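A closer look at the structure
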Amino acid sequence: MTGLHKRYDIVIAGGSFVGLSLALALSRSAQGALDIAVIDRTPLDVARAAAGDGRSTALTAASRHLYESIGIWGRVAPHAQPFTGIDITDSRLENAVRQTLLHFGGAESENEADACMVENHVLRDALLTDVQAAPGVTFLAPETVAGFETSPAGARVRLGNGDTIACSLLVAADGKKSALRRMAGIRTIGWSYPQAGIAATLRLERPHGGRATQHFLPSGPFAILPLTDNRVSLVWTESRARAAEIVALPDPDFLAEAKKRIGGRYGALSLAGPRASFPLDLHIARAFVAERFALVGDAAHGVHPLAGQGLNIGLRDVAALTEVVIDGARLGLDPGTASELARYERWRRFDSAFSALAMDGLNRLFSNDNASLRAMRSVGLGLVDRAPALKRFFVREASGLTGTVPRLLKGEPI
């Protein structure tokens, strides 16, 4: 490698939601005492100006607590739509009535009422604004990682421009096709689904009241998620071929397909943004850490979107890694020591694998039209609906507030 250009405490490769959240959480928790670099291939002005693809994110109570703890929630809150309840159905596409078999909202959700929907461009803009002003954080953009080497003393990172930088800990937050994960020789376990996701934003004639609906249809889940200004975000699963056909339809025909699944409860529908299709897969890294190296977010794991948990699971990585690094610093350890990374991997790998496999199991259970399974599902959902204690457990699990929860996810400073 070429001569050393600069040394940082932590280098984060990837400047999307998880990478930016990690940089801000580390900066805030260390009160600017850490020297952090964020590397991303997209120039900052382009990232800020991007209109987005019409996608939105369901933030759990735990994720909201993290953003409150690190100080960006004030920018996001005016654009966030709280959930007032969730209705779950299991039906065929041609059914005229979709009976609600399971409902969440009310007493079982009172303590976890902070869950909400946020458009991706709102969250990205808030993160970019605060990270750029965060003490100790340097953006290297547009830039890429061309290669890296590690030793017990740290990592040396070769940039695309030929410079070399050093750090105590290198973090890969560069997405599901992570180049750094591949450079580290970490393989993944997983598979692709024969399904694709469709994302779109619609405006409604009648108020949604903050309620979300998850229709389980034979082709896959169809979620109607409330946004501000009486809009909804659709997260719609179809076979890959059918998804491509639906996305390519003229606007009136696309809306007609949406209305078949939504029904008439919201009155007239209109498009309120772009629509897009994306492939679905599951992957879990065989290891989350290596020498002076850690994976976070989609670089470490990817799940089916049926429960909207993808970013939330990544933010659990952020909270856990931040706590591990800050706790180590208070003991006089530099970031990325073997003991710190082992603690992070123990904390996150089982939870991530469990979440991914749970989403996979639900998708396989509900994405079919088997009459016997349909009857069993209806009975099971009905039993859960009549069991308040069980409903409270599921709400807490979905909120990210079960098990050993990192302090930031509980709204506590580190």
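A brief look at the structure comes next. Predicted, not measured: the structure shown is a model, and the values here were computed from it.

Looking only at helices and strands, one finds 12 helices and 20 strands in the protein. Going through the 414 residues of the protein one by one, you find that 53% of them count as buried. A sequence separation of at least 24 residues applies to 77% of the contacts in the protein between residues at least 6 apart. Only carbon and sulfur atoms are counted for the fraction: they give 55% of the accessible area of the protein, which is about 17100 Å².

Okay, the pattern of salt bridges next. Taken as a whole and assessed by the stated rule, the structure comprises 22 salt bridges. Here D251 and R275 are joined by a salt bridge, their closest N and O atoms 2.9 Å apart. Here D251 is found in helix α8 (residues 251-262), whereas its partner R275 is found in the loop between β16 (269-271) and β17 (276-285), with 24 residues between them in sequence. Looking at D251, the relative accessible area reads 41%, which means it is partly exposed. With a closest N to O distance of 3.1 Å, D334 and R292 form a salt bridge. Taken together, the positions of D334 in the loop between α9 (310-330) and α10 (338-366) and R292 in the loop between β18 (289-290) and β19 (293-295) put the pair 42 residues apart, joining distant regions of the chain. Overall, D334 belongs to the partly exposed group, its relative accessible area being 31%. The network of salt bridges with shared partners includes E238, R242, E245, E257, K260 and R261.

Attention shifts here to the packing of aromatic side chains. Evaluated as defined, the whole model comprises 3 aromatic pairs. Ring plane angle 15° and centroid distance 5.3 Å describe the contact between F148 and F293, whose orientation is recorded as stacked. On the criterion of sequence distance, the pair formed by F148 in strand β9 (residues 145-151) and F293 in strand β19 is long-range, its members being 145 residues apart. On the basis of relative accessibility, which here comes to 17%, the residue F148 falls in the buried class. Judged by its relative accessible area of 1%, F293 falls in the buried class. Measuring from centroid to centroid gives 5.5 Å for W236 and F254, while their planes differ by 45°, and the two rings are tilted. Of this pair, W236 sits in strand β15 (residues 231-239) while F254 sits in helix α8, and the two are 18 residues apart along the sequence. For the residue pair W236 and F254, the accessibility class agrees, reading buried in each case.

A few words now on the pairing of β9. Sheet topology places β9 next to strand β10 (residues 154-159); 6 bridges connect them, and they run antiparallel. Across the sheet, F148 pairs through a bridge with V157, a residue of β10. Here β9 folds back onto β10 in antiparallel fashion, the turn holding 2 residues.

Take unusual backbone geometry next. Residue P142 is reached from A141 by a cis peptide bond, and omega for that bond is 0°. Structurally, P142 is set in the loop between β8 (137-140) and β9. For N230, which is not glycine, the phi dihedral falls at a positive 55°. Within the element layout of this structure, N230 appears in the loop between β14 (220-227) and β15.

Core analysis: the biggest nonpolar cluster contains 92 residues, and I10, Y67, V118, L123, L170 and Y344 have the highest contact counts within it. Those residues in contact with I10 that sit more than four places away from it in its chain are L26, L34, D35, I36, A37, C167, L169, V171, V325 and P335.

On the basis of which strands lie adjacent, the open sheet formed by 3 strands has the order β3-β7-β4 and antiparallel pairing. The strands lining the two open edges of the sheet, one partner per strand, are β3 (56-59) and β4 (81-82). Looking at chain direction, β4 and strand β7 (residues 116-119) are connected through 2 bridges and run antiparallel. Note on β7: the bridge partner recorded for Q81 is M117. Set on the sheet, helix α5 (residues 120-133) makes contact with β3 and β7; between it and β7 the angle comes to about 75°.

This next bit is on the environment of E149. Within the fold, E149 resides in strand β9. For the pair formed by E149 and R292, sequence separation is 143 residues and the distance between their alpha carbons is 9.5 Å.

Quick look at the environment of A353 now. Residue placement: A353 occurs in helix α10. On the basis of relative accessible area, A353 is assigned to the partly exposed category, the value being 22%. Taking the C-alpha atoms as reference, A353 lies 9.1 Å from V303; in sequence the two are 50 residues apart.

Now for the packing of helix α3 (residues 61-69) against α9. Closest axis-to-axis distance for the α3/α9 pair is 9 Å, and the angle between their directions is 45°. The angle between α3 and α9 places the two elements in the oblique class. Like other packed secondary-structure pairs, α3 and α9 cross with a definite hand, here left-handed. Of the residues in α9, those touching α3 at S63, L66 and Y67 are N312, L315, V318 and A319. Classifying every residue of the contact of α3 with α9 gives 5 nonpolar, 2 polar and no charged.

Turning our attention to α9. Note: α-helices contain 3.6 residues per turn, so residues at a spacing of three or four share the same orientation. A rise of 1.5 Å per residue sets the reference length of α9, with its 21 residues, at 30 Å; its end C-alpha atoms lie 31 Å apart and thus fit the reference within 8%. The buried fraction of α9 is high, at 17 of 21 residues. One or two positions beyond α9, positive phi appears at G332, with a value near 85°.

What follows covers a nonpolar patch on the surface. The grouping of I189, W191 and L357 at the surface amounts to a nonpolar patch, some 270 Å² of accessible area in total. With respect to the helices and strands, I189 occurs in strand β12 (residues 188-204).

Conventions adopted
Within every chain, residues take consecutive numbers counted from 1 along the sequence as written. Only residues with pLDDT of at least 70 get local features here, since the model is predicted, and only at 80 or more are side-chain atom pairs given and counted; chain-wide, interface and lining totals rely on the full set of residues. Heavy atoms from the whole structure form the basis of all side-chain values; hydrogens and water molecules are not counted. A run of DSSP states H or I qualifies as a helix once it reaches four residues; a run of E qualifies as a strand once it reaches two. Both are numbered from the N-terminal end. Throughout this description, buried means an accessible area under 20% of the type-specific maximum (1.4 Å probe, protein chains only), exposed means over 50%, and partly exposed covers the range between. Contact between two residues is taken to exist if any of their heavy atoms lie within 4.5 Å; hydrogens are not considered. Per-residue accessibility takes into account occlusion by the displayed protein chains alone, with areas from the Shrake-Rupley method and a 1.4 Å probe. Take a side-chain nitrogen of Lys or Arg and a carboxyl oxygen of Asp or Glu: if they are within 4 Å of each other, that pair is a salt bridge. Two rings from Phe, Tyr or Trp (for Trp, the six-membered ring) form a pair when their centres sit within 6.5 Å of each other. Planes less than 30 degrees apart are called stacked, planes more than 60 degrees apart edge-to-face, and all others tilted. The pairing criterion is simple: DSSP has to find at least two bridges between the two strands. Throughout this description, the term nonpolar core refers to a set of buried Ala, Val, Leu, Ile, Met, Phe, Trp, Tyr and Cys residues connected via side-chain atoms within 4.5 Å. Between N-to-C directions, angles span 0 to 180 degrees; the directions come from axes that are lines fitted to C-alpha atoms, helices contributing only their stretch in contact. An angle counts as roughly parallel when it lies under 35 degrees, as roughly antiparallel when it exceeds 145, as roughly perpendicular when it falls between 65 and 115, and as oblique in every other case. Crossing handedness follows the turn of the near helix against the far one: under a right angle anticlockwise gives a left-handed crossing, and clockwise gives a right-handed one. Side-chain classes follow a simple rule in which Ala, Val, Leu, Ile, Met, Phe, Trp, Tyr, Cys and Pro form the nonpolar group, Asp, Glu, Lys and Arg form the charged group, and the remainder, Gly included, forms the polar group. Multiplying 1.5 Å by the residue count of a helix minus one yields the expected span of that helix. Grouping into patches uses exposed residues only, defined as over 30% relative accessible area, and leaves out salt-bridged ones; the cut-off is 9 Å for like charges and 5 Å for nonpolar side chains (Val, Leu, Ile, Met, Phe, Trp, Tyr).

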